[in-house]
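# Summary of structural features
Read off the chains here:
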Amino acid sequence: MATSSKNITTAPSNGTGTTPARLEVLKTYKIYIGGQFPRTESGRYYIPVNAAGRQLANVCLSSRKDFREAVVAARAAFGGWSSRAAFNRGQILYRMAEMLEGRKTQFIEELLLQDSNRRAAEKEVNLAIDRLIYYAGWTDKYQQLFSAVNPVASSHFNFSAPEPMGVVAIIAPQDTSLLGLVSVMAPVIAGGNTCVLLGAEKKPLCAVTFAEVLNSSDLPGGVVNILTGQPDELAPWMADHMDVNAVIYCGQDTALQQLLRERSAGNLKRITIHDVTDWEENEGQSPYFIMDTQEIKTTWHPVENIAGAGGGY
Amino acid sequence: MPATGSSRSSSSKTEPRLSFSLSPHIDQVGVEERASRFTTRSIKKEAKQNGLRLVLNMIDLTTLEGKDSEGKVKQLCYKAMHPHDALPGLPTVAAVCVYPSLVRTARQALGNSGIKVASVATAFPSGQAPRDIKLRDTRYAVNEGADEIDMVISRGKFHAGEYNFVFDEIAAIKEACGEARLKVILETGELGTYDKVRRASDIAMHAGADFIKTSTGKIQPAATMPVTLVMLEAIRDYYFKTGRMVGMKPAGGISKSKLALHYLVMVKEVLGEAWLSNEWFRFGASSLANDVLMQLVKEQTGIYQSSNYFSVD
């Protein structure tokens, strides 16, 4: 909010010259739901602080109702997104990479604010762009790789193919601001799912700025919804929500992992946990990550016995 | 009532003659401002649960498609009697609303459940038919067992200023209804201004309507809160003038429980408690029922629900 963002002190303004230092216009970091940028309905905010003690921004502390609204938006977007041609989903992911490339400097600046150094920040942004390209390529290829024609003993044509699960709730890696979030989100939407993503609590800046990239890259509203806030607060709602088909949790908190697993037992939700994945390495990208939020559907199609029916072709 | 003073006094000298061109003018900005205030009331916990049950009990569960079949109507009637058996103790809906040719099916399916059968009639939804056909349409529906008739007014005649034609037509249909209660659909989306909505409401009530109803559901915009407020105020003024209660039925576009609760607030604050039952207030809706059920289950379990677990209607 405008009033409390004055708390964020910036360049030292005292003393050096006769012209008064310009008052910096600070960005308000809002959340991203259904292609819109609302504030949290709860009216709650928090101010993350970096290692140097500088207050980063006034950031929305999302509530369960923000999450609920985001799930409604994601569910509404699912039909359209999952029925798009796989190639078109690839084009849109590629477009996201293009837009990210164009705003590279802004992301590097934000990463520097959030305790990164220039070399590491540049590497992180470049990797995030490359990762989007990587999954853009996979959108129309993973189906062939993971489907099968199955040999069966009866007169059926039997085949299995992966299909998107639906709405996926994601708790992004907490130690990176951009790369982790992109690495977890990209395979989910590449596979035709929609998602609600909770950014890193202590490093939330890139999550919100990335939402602006999404908003200008042909991605339909609601396919990706981005919240900022506390994993501890929102995790139980993610696990309980009947309209969420899967939860991806990135982190080492074993109590939270257990909570997710227990609460999702009643509603048969799939839980995926990334606790040791190093997103900067090759292990941070894989077509198997797409399969984490796919269901294998098998079809039994009766085959007519042409000769037995006396047919003549 | 802000009717123009001079013309009012001239008519009050003689017996109370009706001139519908004297219906009060509506302050558009004021009505919209007032209507938006109703959406700021906070209704939580028990009040919300009671409100939701009331909403459910006020629904006219409706199917008005060209593709309606006996099977579809039977299914709808089952839903009307058993909204959600997983949640015992729920009220039923108020009525099932169908085309005349399916009234008999609905009547048989509902048996002695106490749920009313409402039928649209009079060449619904356009109303473009000669009067004798409209009368036969009405009598047919009543003979088939309809408890309530939803008629449409002749909007073309209304716009042409032939208010007497519209009045006579409603009066004739009312007579044809016999014991059945008559709901008069104004189709506010085609009337254009609040002034005309008010005038059509006055005509309908004076002609004998038991209910006035906003829309057919086939035209956008359908029911809105400002339009409903104009009609509620017409009902109030008519009640003060004649002592006869007239019911209200907003229809079309009300699919969320929160919005339905806003409508109840509006009814209570404009007309009072006496109208807060399904004898005097109805929602014409089909998807609203499931949203109300999902909210009720949410209130009981604390878990957000998915439409996958509620019956398709």
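Residues numbered from 1 in each chain as written. Chains lettered and ligands numbered in written order. Predicted model: local features only at pLDDT ≥ 70, side-chain atom pairs only at ≥ 80, totals over all residues. Heavy atoms only, no water.

## Concerning the packing of aromatic side chains
- In the structure shown here, the tally under the stated rule is 13 aromatic pairs over all chains.
- Consider the rings of Phe146 of chain A and Tyr288 of chain A, whose centres lie 5.3 Å apart with planes at 75°: the pair is edge-to-face. Remark: Tyr288 of chain A occurs in helix α10 (residues 287-291) and Phe146 of chain A occurs in helix α5 (residues 142-146); sequence separation between them is 142 residues.
- Judged by centre distance (5.2 Å) and plane angle (40°), the ring pair of Phe157 of chain A and Phe159 of chain A falls under tilted.
- In textbook terms, an aromatic cluster arises when at least three aromatic residues are bridged by ring pairs, as seen for Tyr134, Tyr135 and Trp138 of chain A.
- When the ring centre of Phe165 of chain B is taken as reference, the NZ or CZ atom of Arg131 of chain B above it lies at 4.8 Å.
- One cation-aromatic arrangement involves Arg181 of chain B over Trp280 of chain B; the distance from NZ or CZ to the ring centre is 5.1 Å. (Phe/Tyr/Trp six-rings, centres within 6.5 Å; stacked < 30°, edge-to-face > 60°. Helix = DSSP H or I, 4+ residues; strand = E, 2+ residues; numbered from the N terminus. Lys NZ or Arg CZ within 6 Å of the ring centre and 35° of its normal.)

## Here's the deal with the side chain of Ser257 of chain B
Residue and element names in this part refer to chain B.
- By the element assignment, Ser257 lies in helix α11 (residues 257-270).
- Using a relative accessible area of 2% as the deciding quantity, one classes Ser257 as buried.
- In this structure, Ser257 is in contact with Leu52, Leu288, Asp291, Val292 and Gln295, ignoring residues within four places of it in sequence. (Buried < 20%, exposed > 50% of the residue type's maximum accessible area, 1.4 Å probe, protein only. Contact = heavy atoms within 4.5 Å.)

## Some words on the state of the cysteines
- In this structure the tally under the stated criterion is zero disulfides over all chains.
- In this structure Cys250 of chain A is a free cysteine whose sulfur lies 12 Å from that of Cys195 of chain A, the closest cysteine sulfur available. (Disulfide = S-S within 2.5 Å.)

## Considering a negative patch on the surface
Residues and elements named next belong to chain A.
- Taken together, the side chains of Asp175, Asp278, Glu281 and Glu283 define an acidic patch exposed on the protein surface.
- Mapping Asp175 onto the fold places it in the loop between β5 (167-171) and α6 (179-190).
- Relative accessible area serves as the criterion here: at 58%, Asp175 is assigned to the exposed category. (Patch = residues over 30% accessible without salt bridge, like charges linked within 9 Å, V, L, I, M, F, W, Y side chains within 5 Å. Areas by Shrake-Rupley, 256 points an atom, 1.4 Å probe, with all protein chains shown as cover. Salt bridge = Lys/Arg side-chain N within 4 Å of Asp/Glu carboxyl O. Lys, Arg positive; Asp, Glu negative; His and termini not counted. Charge placed at Lys NZ, Arg CZ, Asp CG, Glu CD.)

## With respect to the confidence of the model for chain A
- With 91% of its residues at a pLDDT of 70 or more, chain A has an overall mean of 91.
- The low-confidence segment residues 1-11 of chain A, where pLDDT is below 50, has 18 contacts with residues more than four positions distant or belonging to other chains. (pLDDT = per-residue confidence, 0-100.)

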